[in-house]
Amino acid sequence: MLRETTEAAVTARFFGDFSVHVCGRPVERWRAGKARSLFQYLLVNRGRVVTKDKLYEVLWPAQEWSPTGSSLKVAMHGVRQVLSTADAAEPAVEIVNRDHGYLLKADDVWLDLDEFSSAIDTARAAELAGDHATALRHYSRAVDLCPGDFLATESGDWIDEQRACSKALVLQALHYLRADALRRGDRLAAVRMCQRLLAVDPYQEELYQTLMVVHGRKGELGQVQTWYDICLRRLQQDLDVEPTETTYRIFARAIRGELRERALVA
């Protein structure tokens, strides 16, 4: 069930720029080093014990883990200090030592990542059940929750993996919304969905075909030419592949005016 962020004691946004609020107060004064990255990883994996060797693997992949090392202790001290200044009288977040690792405990949490996953799962189930209205609503919700990539300004293996998974799910949602717009004949919505899809994956040739058809039907030949040129440049220069025959055929028909609405009606 989707919740609004104001209902939770701890709220965090991972898509785009990372932000977290505890008891309504923003947490901003992170100490230098890995404190913020450690908190992010534990928050995503809250309720589960994360071993110290796993944390070293995630945060210091180039270093060999040593049980006597102090890097993790320093980072954890930084996290606890930051949280101590943000928590109310009753701590909303607690990190405890457990079985050679750490456990982040927080009962009242809102994460955009969780809401996104829930929206995708609900939409997919509705899609399979033939409930188009529910699927549309939840796919739209999932897209709205993603103003940017997962932790867009940060890097790390676990971040790259989560980012790739999230992108795949966003593409699924956007394709569903694009198909719905085309079925309804809503060309403006179809163009917007194509543009959002291209922002996630600029090499989907089918999207350029859709854009050429949409503009070709309106006789907007300049737009047809623009999208055709962008498609060729990205495929040929970036990937060293040629567009399919379908793309060439759609472009030729659009430029000749064969896709214009009045021609189709006639």
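Everything below is about the structure printed above this text.
## Concerning the overall build of the protein
No. 1: The number of helices and strands found in the protein is 11 helices and 7 strands.
No. 2: Whereas a compact globule of 266 residues would reach a radius of gyration of roughly 18 Å, the protein reaches 24 Å, over 25% beyond that.
No. 3: With respect to the three principal axes, the spread of C-alpha positions in the protein is 75 × 40 × 30 Å.
No. 4: Taking all 266 residues of the protein together, 42% fall into the buried category.
No. 5: Within the protein, contacts between residues at least 6 apart in sequence are counted, and of these 60% link residues at least 24 apart.
No. 6: Just so you have it, the protein exposes about 14,400 Å², and 49% of that area is on carbon and sulfur atoms.

## Some thoughts on the environment of L151
No. 1: Position of L151 among the secondary structure elements: in the loop between α5 (132–144) and α6 (157–184).
No. 2: For the pair formed by L151 and F14, sequence separation is 137 residues and the distance between their alpha carbons is 5.3 Å.
No. 3: Setting aside residues no more than four positions away along its own chain, L151 makes contact with F14, G16, F18, Q40, W158, I159 and R163.

## Regarding a nonpolar patch on the surface
No. 1: A contiguous nonpolar patch, built from Y203, L239 and V241 and spanning about 230 Å² of accessible area, is present on the exposed surface.
No. 2: When you line up the elements, V241 lands in the loop between α9 (221–238) and α10 (245–255).

## Considerations on the nonpolar core
No. 1: Judged by nonpolar contacts, the single largest core of 82 residues is most densely connected at F14, L38, F39 and L42.
No. 2: For this core, the element with the most residues is α6, which contributes 8 residues.
No. 3: Those residues within four positions of L42 in sequence are excluded, and the remaining contacts are V50, L55, M76, I95, Y102 and L104.

## A closer look at the packing of aromatic side chains
No. 1: Enumeration according to the criterion identifies 12 aromatic pairs in this entry.
No. 2: On the basis of an interplanar angle of 40° and a centroid distance of 5.4 Å, the ring pair of W30 and F39 is categorised as tilted.
No. 3: Classification of W30 as buried rests on a relative accessible area of 17%.
No. 4: For F39, a relative accessible area of 0% puts it in the buried group.

## Focus on the environment of S140
No. 1: Along the chain, the position of S140 falls in helix α5.
No. 2: Residue S140 is classed as partly exposed on the basis of its relative accessible area, which comes to 25%.
No. 3: C-alpha separation for the pair S140 and A123, spaced 17 residues apart in sequence, amounts to 9.1 Å.

## What to know about the pattern of salt bridges
No. 1: A complete count under the given rule lists 13 salt bridges for this structure.
No. 2: A salt bridge links E57 to K54; the shortest N-O distance between them is 3.5 Å. Of the two residues, E57 and K54 are both situated in helix α2 (residues 52–59); the distance of 3 residues between them amounts to about one turn of the helix.
No. 3: One salt bridge in this structure joins E115 and R141, with 3.8 Å as the shortest N-O distance. Note that E115 is positioned in helix α4 (residues 112–129) and R141 in helix α5, a separation of 26 residues in sequence.
No. 4: Because the salt bridges share partners, they merge into one network encompassing D180, R184 and D186.

## Things to note about the packing of α6 against helix α7 (residues 187–200)
Each pair of packed helices can be summarised by the angle the axes make with each other and by the distance between the axes.
No. 1: Interhelical geometry of α6 versus α7 gives an angle of 160° and a closest axis separation of 8 Å. On the basis of their axis angle, the class for α6 and α7 is roughly antiparallel. By crossing handedness, the relation of α6 to α7 is classed as left-handed. Contacts from K167, V170, L171, L174, H175, L177, R178, A181, L182 and R184 of α6 reach α7 at A189, A190, M193, C194, R196, L197 and V200.
No. 2: Of the residues in the contact of α6 with α7, the class split is 12 nonpolar, 1 polar and 4 charged.

Scoring rules and cut-offs
- Residues numbered from 1 in each chain as written.
- Predicted model: local features only at pLDDT ≥ 70, side-chain atom pairs only at ≥ 80, totals over all residues.
- Heavy atoms only, no water.
- Helix = DSSP H or I, 4+ residues; strand = E, 2+ residues; numbered from the N terminus.
- Rg over C-alpha atoms; globule rule 2.2 N^0.38 Å.
- Buried < 20%, exposed > 50% of the residue type's maximum accessible area, 1.4 Å probe, protein only.
- Contact = heavy atoms within 4.5 Å.
- Areas by Shrake-Rupley, 256 points an atom, 1.4 Å probe, with all protein chains shown as cover.
- Patch = residues over 30% accessible without salt bridge, like charges linked within 9 Å, V, L, I, M, F, W, Y side chains within 5 Å.
- Salt bridge = Lys/Arg side-chain N within 4 Å of Asp/Glu carboxyl O.
- Core = buried A, V, L, I, M, F, W, Y, C linked by side-chain atoms within 4.5 Å.
- Phe/Tyr/Trp six-rings, centres within 6.5 Å; stacked < 30°, edge-to-face > 60°.
- Axes fitted to C-alpha atoms, helices over the stretch in contact; angles between N-to-C directions.
- Parallel < 35°, antiparallel > 145°, perpendicular 65-115°, else oblique.
- Left-handed = near helix turned anticlockwise from the far one by under 90°.
- Nonpolar A, V, L, I, M, F, W, Y, C, P; charged D, E, K, R; others polar.

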